[in-house]
Amino acid sequence: MRALAERRPGPPRLVLAVLAGLAVLYGLAAATRPETAVAPAPAPRKVPVASVTAVCPDPGGSDVGVVTPPGGGGRGAAALVAGERTLATLTVPGGLWQEKLKAGSPPLVVTASGGMATGLEAAQTRRETSGEQRGLAGTRCVEPGASAWLVGPGPAAADVTLHLANADLAPAGVEITVYSGEGPVAGGSGDTIVIEPGESRAVRLRDIAPSPLVMAVEVSTAFGRVTAAAHAVMSGGRGVDWLPLSADPATRVVVPGVPGGGGRRDLLVASPAETDTIVEVRVVTPDGTYALDGHDAIEVPAGSVAVMDLSAGLDGRPAAVLLTSPVPVVAAVAATGTGDRVDVGFTAGAAPIDLGSVVADNRTGGKKSSRLVFSAPEAAGRVSVTMLPHKGKAPEPIEVEIPAARTKEVELPDVDGAFAVVAEPLPGSGPVYGARVMDERLKDGRVLTVQPLAAARVWAVVPPMTGSAATVLP
């Protein structure tokens, strides 16, 4: 048997040759096979804004301005509706609509589509020379959203009214959270205010949280969207103004447009976090960016609001305030005027005006002044500023250069009557933040109002479309 096994023949030579050839061909195919192309992940698309809704919260007795800057392209229309009455329908970009509305007027809802929506802006300003509401009180008319933050005096220091409006076709459920210097004092319990379509409501914050001297208010919706704005009448005749919406909580916050001149400048910083935090404070002035001596940081206890007086350090210079925090915060600055009777204006954390910005209501001439306060905390900025008058020919645009890490104040020229102003960063500009300061010198003191520059409603980011069933299935 052993002899037979030793004499067993091996595989035929032909079979070996075939196997070797197949191995060579397989290796060659694997080596030369093209790479499988991987389709790039779809990215969000930037498209022109084609629909805008903005609400002027309490325009009675106020001058209201509505404008769409020229250059948007395409046809469109903007309807201005107060209650059951249509005040105007605008169809031509570049023209400023301006009117003083009667006392007691309901919220003004501005709805624009097509080319009239691209960059549309609206604002209201009320001027009183006597009485409890003496002062200038102005605000940007705001669009509906699911969340809003406001920072300013509390009900123990001012009569603060929160104006809510639902301009949508579906109900909205609103939840209000109030933070004070001692921590959260209201909200967070799930209490929901239901606001029906087309309904507006004024909520006195004193009825919710009567004790805070300073506060931050978070307005959020459990369902639907609302507009939120807060009007503050300081106790003891110390001024009046609207609180501008603050940028959402972030670890880096820029508060632009702190007015120059005399008077007190108070920084308010609120933290919704559950831990105490130390926030670094620097100011951006015409002389540079630096920490104020003895005011380089502010301690903010968990869920509360802290205050720092910047008056002595700023010494009357216009500025922006740059905050850096390990946890997200929101912030504002309260600026007090000068004279026998004082007024107050508020500015708040804002985004850079990378897409440009529009302020729809401004005044100059005589004792009235409007100026832009630009800050470039990082690289140098270059901005084109264009005036759009209510009547008459528009002046030539002016170009403003803001050195890196500095603030620059730009006095707007005299224009006959009301006018809008458009600020657009030029190619190569670094991030620019800003605000419009409007004031007037009365016999008994200076009155003022501040409006932080908000990103123009020019572009919308559309999320990518995918082939996933998750796009259409719940």
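Residues numbered from 1 in each chain as written. Predicted model: local features only at pLDDT ≥ 70, side-chain atom pairs only at ≥ 80, totals over all residues. Heavy atoms only, no water.

As annotated in an unreviewed UniProt entry, the protein chain is Secreted protein from Streptosporangium pseudovulgare.

Let's talk about the overall build of the protein chain
Counting secondary structure elements, the protein chain contains three helices and 35 strands. Counting only carbon and sulfur atoms, one obtains 56% of the accessible surface of the protein chain, whose full area is about 21,700 Å². (Helix = DSSP H or I, 4+ residues; strand = E, 2+ residues; numbered from the N terminus. Areas by Shrake-Rupley, 256 points an atom, 1.4 Å probe, with all protein chains shown as cover.)

Re the side chain of T68
Among the secondary structure elements, T68 is positioned in the loop between β3 (63–67) and β4 (76–82). Only 2.7 Å separates the side chain of T68 from the backbone oxygen of M116, close enough to count as a polar contact. Contacts of T68, omitting those with residues within four sequence positions, involve P93, G94, G115, M116, T118 and L120. (Polar contact = N/O pair within 3.5 Å; in protein donor to acceptor, adjacent residues only side chain to side chain. Contact = heavy atoms within 4.5 Å.)

Structural notes on the nonpolar core
In this structure, L162, L164 and V219 are the most contacted members of the largest nonpolar core, which totals 38 residues. Elements with a minimum of two residues in this core: β10 (147–153), β11 (158–165), β12 (172–180), β16 (214–223), β17 (227–234), β20 (265–271), β25 (319–336) and β26 (344–348). What V219 contacts, discounting residues up to four positions off in sequence, is A146, S147, A148, L162, L164, V174, E175, V226 and A228. (Core = buried A, V, L, I, M, F, W, Y, C linked by side-chain atoms within 4.5 Å. Buried < 20%, exposed > 50% of the residue type's maximum accessible area, 1.4 Å probe, protein only.)

Notes on the pattern of salt bridges
All chains considered together, the criterion is met by 20 salt bridges. One salt bridge connects R127 with E440, and the closest N-O pair in it is separated by 2.7 Å. One end of the pair, R127, is in strand β8 (residues 121–128); the other, E440, is in strand β33 (residues 433–442), with 313 residues separating them in the sequence. Given a relative accessible area of 39%, R127 falls into the partly exposed group. E440 sits in the buried class, given a relative accessible area of 8%. (Salt bridge = Lys/Arg side-chain N within 4 Å of Asp/Glu carboxyl O.)

With respect to the sheet that holds β4
Strand order in this open sheet of four strands is β2-β7-β4-β5, and the pairing throughout is antiparallel. A strand with exactly one partner marks an edge of an open sheet, and here the two such strands are β2 (51–56) and β5 (85–90). Here the strands of the sheet are splayed against their neighbours by 15 degrees on average, with no regard to which way each runs. Examined bridge by bridge, β4 and β5 share five bridges and lie antiparallel to one another. If you follow A82 over to β5, its bridge partner there is R85. (Pairing = 2+ DSSP bridges. Axes fitted to C-alpha atoms, helices over the stretch in contact; angles between N-to-C directions.)

Notes on the packing of aromatic side chains
With the rule as written, the count across this model stands at one aromatic pair. On the numbers, 5.8 Å between centres and 20 degrees between planes, the contact of W149 with Y179 is stacked. Separated by 30 residues along the polypeptide, W149 in strand β10 and Y179 in strand β12 bring together distant segments of the chain. For the pair shown, W149 and Y179 are each scored as buried. (Phe/Tyr/Trp six-rings, centres within 6.5 Å; stacked < 30°, edge-to-face > 60°.)

Thoughts on the sheet that holds strand β15 (residues 200–204)
Spatial strand order, β15-β11-β17-β18: four strands in an open sheet with antiparallel pairing. Sheet topology places β15 and β18 (240–243) at the edges, where each strand pairs with a single neighbour. Neighbour-to-neighbour, the strand axes of this sheet turn through a mean angle of 20 degrees, independent of strand direction.

So, the state of the cysteines
Under the defined criterion, the tally for this structure stands at one disulfide. C56 shares a disulfide with C141; S-S distance 2.0 Å. On the sign convention where negative is left-handed, the bridge of C56 and C141, at about 100 degrees about the S-S bond, is right-handed. Of this pair, C56 sits in strand β2 while C141 sits in the loop between β9 (135–140) and β10, and the two are 85 residues apart along the sequence. Judged by its relative accessible area of 0%, C141 falls in the buried class. (Disulfide = S-S within 2.5 Å.)

Here's the deal with the pairing of strand β34 (residues 445–452)
For β34, a buried count of eight out of eight residues is recorded, marking the element as mostly surrounded by other parts of the structure. What sits between the antiparallel neighbours β33 and β34 is a turn of two residues.

Notes on the environment of H231
If you trace the backbone, H231 turns up in strand β17. Residue classification places H231 among the buried residues on the basis of a relative accessible area of 13%. When the C-alpha atoms of H231 and D241 are compared, they prove to be 6.1 Å apart, with ten residues separating the residues in sequence. Other than its neighbours up to four places away in sequence, H231 contacts Q133, A137, D159, V160, T161, H163, V240, D241 and W242.

Observations regarding the confidence of the model for the protein chain
In low-pLDDT segments, the atomic positions of the prediction should not be examined closely. Looking at the protein chain as a whole, its pLDDT mean stands at 90, while 86% of the residues score no less than 70. Segment residues 1–11 is flagged for pLDDT under 50; beyond a separation of four residues in sequence, or across chains, it makes one contact in the model. Predicted confidence for residues 468–474 stays below pLDDT 50, and this span has one contact to residues more than four positions away or in other chains. (pLDDT = per-residue confidence, 0-100.)

Side note on the side chain of D241
In this structure, D241 sits in strand β18. No salt bridge is formed by the buried D241. Its closest oppositely charged neighbour is R436, at 7.6 Å. Within the structure, the side chain of D241 is placed 3.0 Å from the backbone nitrogen of G138, a separation counted as a polar contact. Here T449 takes part through its side chain, which lies 3.0 Å from a polar atom of the side chain of D241. Residues within four places of D241 in sequence aside, it is in contact with L136, A137, G138, A230, H231, A232, V344, G345, F346, L448, T449 and V450. (Lys, Arg positive; Asp, Glu negative; His and termini not counted.)

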